[in-house]
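Per-entry structural report
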Amino acid sequence: NTDLSNPVISAYGNSVLEFYYNRAQYTLSFMDGDTQVYPPKSVTWGAKVSAPDKPSKQGYSFEGWYTDADFQNRFDFATRKVTEDITLYANWVAKQ
């Protein structure tokens, strides 16, 4: 029964409640301007994701993934948990 309109649980003695649910899935997209660098990755809510292989672009050095196209907010793969759809933008610096 999935009717949760009356969420009262009565128990006598020792009881164990087990809840099973599917966590939401979110999409992590990797972009270079308007071009997709890698296929979108489906990520479970609250999970951390590994950084993909560094992309390459002739004449440029890859500087990291950012959550904004202005490159103000670097995405930290080691600590950031995915809780929404995220588009990451590749930041490049011209080689000298």
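One structure accompanies this document, and this report is about it. (Residues numbered from 1 in each chain as written. Predicted model: local features only at pLDDT ≥ 70, side-chain atom pairs only at ≥ 80, totals over all residues. Heavy atoms only, no water.)

Observations regarding the pairing of strand β4 (residues 86-94)
As defined by bridge partners, strand β1 (residues 25-32) adjoins β4 across four bridges and the pair is classed as parallel. Its bridge partner being in β4, S29 is matched across the sheet by T87. The pairing of strand β3 (residues 60-66) with β4 spans six bridges and is classified as antiparallel. If you follow G64 over to β4, its bridge partner there is N91. (Pairing = 2+ DSSP bridges. Helix = DSSP H or I, 4+ residues; strand = E, 2+ residues; numbered from the N terminus.)

Focus on the packing of aromatic side chains
Applying the stated criterion to the full structure yields seven aromatic pairs. For the ring pair F30 and W65, a centre distance of 5.1 Å and an interplane angle of 70° mean the geometry is edge-to-face. Placement of the pair is F30 in strand β1 and W65 in strand β3, with a sequence separation of 35 residues. Of the two residues, F30 and W65, neither departs from the other in class, the shared state being buried. A centroid spacing of 5.7 Å and a plane angle of 80° characterise the contact between Y66 and F71, whose relative ring orientation is edge-to-face. According to the relative accessible area criterion, F71 is partly exposed, its value standing at 30%. Members of the aromatic cluster, connected to one another through ring pairs, are F30, Y38, F62, W65 and W92. Directly above the aromatic system of Y60 lies the positively charged group of K57, at a separation of 5.2 Å from the ring centroid. (Phe/Tyr/Trp six-rings, centres within 6.5 Å; stacked < 30°, edge-to-face > 60°. Buried < 20%, exposed > 50% of the residue type's maximum accessible area, 1.4 Å probe, protein only. Lys NZ or Arg CZ within 6 Å of the ring centre and 35° of its normal.)

Just distances and angles here, no functional claims.
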